[in-house]
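Read off the chains here:
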Amino acid sequence: MPSDLILITGSAGRVGQAVVKELLVRGERVRGFDRLATPGLADSHIGNLTDAAAVRRAAEGADVVIHLAATPDDADFMSEILPNNLIGLHHVLEATRLAGARRLVLASTGQVNWWQRERTRHAIRPDELPSPRYWYAAAKVFAEAIGQSYSETHGLSVIAARLGWCPRPGQEKEIAALEWARDLYLSPGDAGRFFYAAARAPLALRFTVVYATSRHIHLPRFDLGPTKALLGWEPQEQWPDGLPPEVLA
Ligand SMILES: NC(=O)c1ccc[n+]([C@@H]2O[C@H](COP(=O)([O-])OP(=O)(O)OC[C@H]3O[C@@H](n4cnc5c(N)ncnc54)[C@H](O)[C@@H]3O)[C@@H](O)[C@H]2O)c1
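Residues numbered from 1 in each chain as written. Predicted model: local features only at pLDDT ≥ 70, side-chain atom pairs only at ≥ 80, totals over all residues. Heavy atoms only, no water.

Draft legend 1. Focus on the overall build of the protein chain. Across its full length, the protein chain carries nine helices and seven strands. The C-alpha radius of gyration computed for the protein chain amounts to 17 Å, which stays within 12% of the reference 18 Å derived for 249 residues, consistent with globular compactness. For the protein chain, the spread of C-alpha atoms along the principal axes amounts to about 45 × 40 × 40 Å. Burial status across the protein chain gives 53% buried among its 249 residues. Nonlocal contacts in the protein chain, meaning residues at least 24 apart in sequence, comprise 68% of its contacts between residues at least 6 apart. Looking at the protein chain as shown, the accessible area adds up to about 11,100 Å², and 55% of this sits on carbon and sulfur atoms. Averaging the locations of the 27 positively and 28 negatively charged side chains of the protein chain gives two centres separated by 2 Å. (Helix = DSSP H or I, 4+ residues; strand = E, 2+ residues; numbered from the N terminus. Rg over C-alpha atoms; globule rule 2.2 N^0.38 Å. Buried < 20%, exposed > 50% of the residue type's maximum accessible area, 1.4 Å probe, protein only. Contact = heavy atoms within 4.5 Å. Areas by Shrake-Rupley, 256 points an atom, 1.4 Å probe, with all protein chains shown as cover. Lys, Arg positive; Asp, Glu negative; His and termini not counted. Charge placed at Lys NZ, Arg CZ, Asp CG, Glu CD.)

Draft legend 2. Fine view of the pairing of strand 4 (residues 62-67). Within strand 4, six of the six residues are buried, which leaves the element mostly enclosed by the surrounding structure. Strand direction decides the pairing type here: strand 1 (residues 5-9) and strand 4, joined by five bridges, are parallel. Among the inter-strand pairings, Leu7 is bridged to a residue of strand 4, identified as Val65. Bridge count between strand 4 and strand 5 (residues 103-109): four bridges; the pairing is parallel. Each residue of the ladder has a partner; that of Ile66, found in strand 5, is Val105. Once the chain exits strand 4 it traverses helix 3 (residues 77-99) before rejoining the sheet at strand 5, and the crossover so formed is right-handed. (Pairing = 2+ DSSP bridges. Right-handed = clockwise from strand over helix to strand, strands pointing away.)

Draft legend 3. Expanded view of the environment of Pro167. Its location among the elements puts Pro167 in the loop between strand 6 (157-163) and helix 6 (172-176). Taking relative accessible area as the criterion, Pro167 reaches 1% and is therefore assigned buried. With near-sequence residues (within four places) excluded, Pro167 lies in contact with Arg14, Glu172, Ile175, Tyr185, Leu186 and Leu243.

Draft legend 4. The arrangement of the packing of helix 3 against helix 5 (residues 135-154) in detail. For the pair helix 3 and helix 5, interaxial distance at closest approach is 11 Å and the crossing angle is 15 degrees. In terms of axis orientation, helix 3 runs roughly parallel to helix 5. Viewed along their axes, helix 3 and helix 5 form a crossing whose handedness is right-handed. Here Phe77, Ile81, Asn85, Leu86, Leu89, Leu93, Glu94 and Arg97 of helix 3 lie close against helix 5, whose contacting residues are Trp135, Tyr136, Ala139, Phe142, Ala143, Ile146, Tyr150 and His154. When the residues that make up the contact of helix 3 with helix 5 are grouped by side-chain class, the tally is twelve nonpolar, two polar and two charged. (Axes fitted to C-alpha atoms, helices over the stretch in contact; angles between N-to-C directions. Parallel < 35°, antiparallel > 145°, perpendicular 65-115°, else oblique. Left-handed = near helix turned anticlockwise from the far one by under 90°. Nonpolar A, V, L, I, M, F, W, Y, C, P; charged D, E, K, R; others polar.)

Draft legend 5. Structural detail: the side chain of Thr96. Relative to the elements of secondary structure, Thr96 occurs in helix 3. For Thr96, a relative accessible area of 0% puts it in the buried group. The contacts of Thr96, once residues within four sequence positions are left out, are Val65, Ala101, Leu104 and Leu156.

Draft legend 6. The arrangement of helix 3 in detail. Bending of helix 3 peaks at approximately 40 degrees at the position of Pro83. For helix 3, the capping residue at the N-terminal end is Asp76, with a side-chain oxygen 3.5 Å from the backbone nitrogen of Met78. Downstream of helix 3 by one or two residues, Gly100 has phi in the positive range, about 75 degrees. (Bend = angle between axes of the 7 residues up to and from the residue. Polar contact = N/O pair within 3.5 Å; in protein donor to acceptor, adjacent residues only side chain to side chain.)

Draft legend 7. Examining the site of the ligand more closely. Around the ligand lies a shell of 26 residues, among which Asp34, Leu68, Tyr136, Cys166 and Arg168 are the nearest. Note that an oxygen atom of the ligand is positioned 2.6 Å from one of the side-chain N or O atoms of Asp34. In isolation the ligand offers 820 Å² of accessible surface; the protein chains occlude 93% of this area. Most atoms of the ligand, that is more than half of them, are within 2 Å of grid points of the largest pocket. Partitioned by chemical class, the residues of the shell around the ligand number 13 nonpolar, eight polar and five charged. (Near = heavy atom within 4 Å. 1 Å grid on protein atoms, 1.4 Å probe; cavity = no way out; pocket = protein on both sides within 12 Å on 5 of 7 lines; lining within 4 Å. Sits in = over half its atoms within 2 Å of the grid points.)

Draft legend 8. Structural detail: the pairing of strand 5. With seven of seven residues buried, strand 5 is to be regarded as a mostly interior element. Examined bridge by bridge, strand 5 and strand 6 share seven bridges and lie parallel to one another. From the neighbouring strand, Leu104 faces strand 6, where its bridge partner is Val158.

Draft legend 9. The arrangement of the sheet that holds strand 2 (residues 29-34) in detail. Spatial strand order, 3-2-1-4-5-6-7: seven strands in an open sheet with parallel pairing. Because the sheet does not close on itself, it has two edges, and the strands there are strand 3 (44-46) and strand 7 (208-212). Across the sheet, the mean angle from the axis of one strand to that of its neighbour is 20 degrees, orientation sign disregarded. Against the sheet, helix 1 (residues 14-25) contacts strand 1, strand 2 and strand 4, and its axis sits at roughly 165 degrees relative to strand 1. Sheet strands in contact with helix 3 are strand 1, strand 4 and strand 5, and its direction is about 165 degrees off that of strand 4.

This is the structure:
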């Protein structure tokens, strides 16, 4: 019988803590992996993504892997994006395959459609050609592509999640100042519920790309229709729901 264990890499981060919280509330068996300690999670491995053996140990017994750990925005390619977002990605894909897990959820980003989003006003669909912002987003395009390869080659169900903006501490005022960013806000609560839906969506889903944002205020920048149709998930919140008021004061 397959195990029910869900491994979350990046479990100590902004999105990771929201996902851990939701999955524990839902009664799921959760293991974390991060280079930092994960608050409130007993089964938590501390290690680096660049350490293949540590990633392998964390994935042992997992049926679902939610891969969030990464440098979460543009940064120096050689010292940040290459080790954390590409070499780490390799180790997570291999560990997932070797563990015999059936589902991998990859955190991608709305930045893969950055230039379309800047230049058009329609809700961008997941099947449109990408236009990555820069190295970080281009590495996420690569992650989606190798995710598809693993799905086809190894029969793994892979969901690539193009996330909106779930602000890390100090980013809240940036979002408040930008109309498009408020439309792309992803509340911690919606993020948690999204990853629960992605983890537990029917395994018959093969390679799938979907967007995840909270409800827009001005314009629907990304098409959330496939997310609802395939994962049964819809956002419940809108900017600035879920943020403590003092961060906007
Ligand atoms: N927050 C957003 O708005 C947003 C938007 C789009 C995509 N994403 C993606 O979602 C994921 C999570 O982002 P976040 O905002 O929670 O970032 P975050 O920085 O808060 O969390 C990332 C976590 O990964 C861990 N990590 C990074 N490199 C590691 C390594 N080499 N080994 C072990 N652990 C490592 C960090 O310690 C951190 O706890 C990332 O893949 C990011 O690209 C986030």
